[in-house]
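Spelled out, the chains give:
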Amino acid sequence: MLLLDNVPADLGIVVVIPCFNESLLLNTLDALLNCTRSDCSTEIIVVLNASENADEKIIFQNNETKKYFLEWKKKHLDYKLKFYLIEACLLPKKYAGVGLARKIGMDEAYLRFEKSTQKNKIIACMDADSLCEKNYFTALENHFLKNPKTPACSIYFEHPVNGNEFSKEVYEGIIQYELFLRYYNQGLRYAGFPFAFHTIGSSMAVRAEVYKKQGGMNKRKAGEDFYFLQKIMLLGFFSELNETKIIPSPRPSNRVPFGTGKAIQKWLDEKNNSYSAYHPQSFIDIKKLFDTIESCYQKNNFSDFLLVLPNTVQLFLAENNFSERVKEWNENSTSKKYFLKRFFSWFDGFTMLKFMHYVRDEHYGLMDLQTTVSQLLELRNKGFEKNNFSAEAQLKLLREIERSENYFSNLDKM
């Protein structure tokens, strides 16, 4: 263990926050401090991190952050909510990044939980420039109590879309970016994809015992949240926590190769005034596969099955050795349920992205985002006004839809 303080017997929530070259950490800490206390004890672990070859500006900012953190901590002592800082500022340059920083903090959280007698032990993740609603702790605690089968959850989020903290262009960009995220998620839900959940590192939580059994967090420099949650979703009963809200920052950044900060920086650099998205027909096509795949169970010849699929899906499956895969799944499945689980273990979130990129590049191209959203809403029979339907209005509607859905995996009902 890196933290030597005694572990409260009732420790039930640990929030892990990677912190790299960050000047806004105290805002995040203030938001957490202002949260209503849960019945269990809660700890916040900030992982101040940098590569062994970090430049002087980053080293200086990290030192300033440490100083501010220690001063802030002295003024905010609470026996139910404790704040800790782990310094990891000489990480090997090959692995240094948000994935390794999360792993260091989450591994430490698990070790501390080994000394807790609490039944529910929750490791949550935030980012060092995110805020949260006041009921964040109590909502986490209640969610895992009320859903004893859920191994982990995605937590509802909303980026700020107006204000004085950022430029007009940043707010315009974040509206488009979040609208794209929700459009894609809603497209997956329309298609019947069982893992249609947001995978965002600043808004997720996992049971400590599940974290351990699944091998912990990976060391990816970006996308660590996506790959981590894909593994967890395969366990079944993955859930959404919509009773609280995370507020990620919309600010531009080049710290990671993709994600919110990178997308906004690209928006500003290219001076865009519109956003493109996957063609809605992509979701219509793949829905046909998901609706009919169970008919391949215990079927030796499924050429007739392939022929009724859209051409885009047929070609994608052929390129990915689908026929051989089906034979293997049938040979190793004792029921339709296990056949489908084997199928979706292959056709997971990563394979879905491969399909979307394939149809984008080889068949449909991209479309204007607002047009795709309107078409998808029509497909899903969701109410909306076509006239003067701005991107911000579309985003507001998709937020309302998602927060009210409490989506669950269809596989869990079998």
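This is a predicted model, so every value here is computed, not measured. (Residues numbered from 1 in each chain as written. Predicted model: local features only at pLDDT ≥ 70, side-chain atom pairs only at ≥ 80, totals over all residues. Heavy atoms only, no water.)

## Re the overall build of the protein chain
Right, on to step 1. The helix and strand tally for the protein chain stands at 16 helices and 10 strands.
Right, on to step 2. Its C-alpha radius of gyration of 22 Å places the protein chain within 12% of the 22 Å reference for a compact globule of 414 residues.
Right, on to step 3. Taken along its principal axes, the extent of the C-alpha atoms in the protein chain is 70 × 50 × 40 Å.
Right, on to step 4. For the protein chain, with 414 residues in total, the buried portion stands at 55%.
Right, on to step 5. Within the protein chain, counting contacts between residues at least 6 apart in sequence, those at least 24 apart form 80% of the total. (Helix = DSSP H or I, 4+ residues; strand = E, 2+ residues; numbered from the N terminus. Rg over C-alpha atoms; globule rule 2.2 N^0.38 Å. Buried < 20%, exposed > 50% of the residue type's maximum accessible area, 1.4 Å probe, protein only. Contact = heavy atoms within 4.5 Å.)

## Let's talk about the state of the cysteines
Right, on to step 1. Tallied over the entire structure, the rule returns 0 disulfides.
Right, on to step 2. Cys 35 provides the cysteine sulfur closest to Cys 132, a residue in no disulfide bond, and the two sulfurs are 3.6 Å apart.
Right, on to step 3. The thiol of Cys 153 is unpaired, and the distance to the nearest cysteine sulfur, on Cys 125, comes to 11 Å.
Right, on to step 4. For Cys 153, a relative accessible area of 0% corresponds to the buried category. (Disulfide = S-S within 2.5 Å.)

## Focus on the nonpolar core
Right, on to step 1. Ranked by internal contacts, the top residues of the largest apolar core, which has 133 residues, are Tyr 136, Leu 289 and Phe 347.
Right, on to step 2. Of all the elements, helix H5 (residues 168-191) adds the most residues to this core, at 13 residues.
Right, on to step 3. Among all residues touching Leu 289, those that are not within four sequence positions of it are Phe 305, Leu 309, Val 313, Leu 317, Phe 343 and Phe 347. (Core = buried A, V, L, I, M, F, W, Y, C linked by side-chain atoms within 4.5 Å.)

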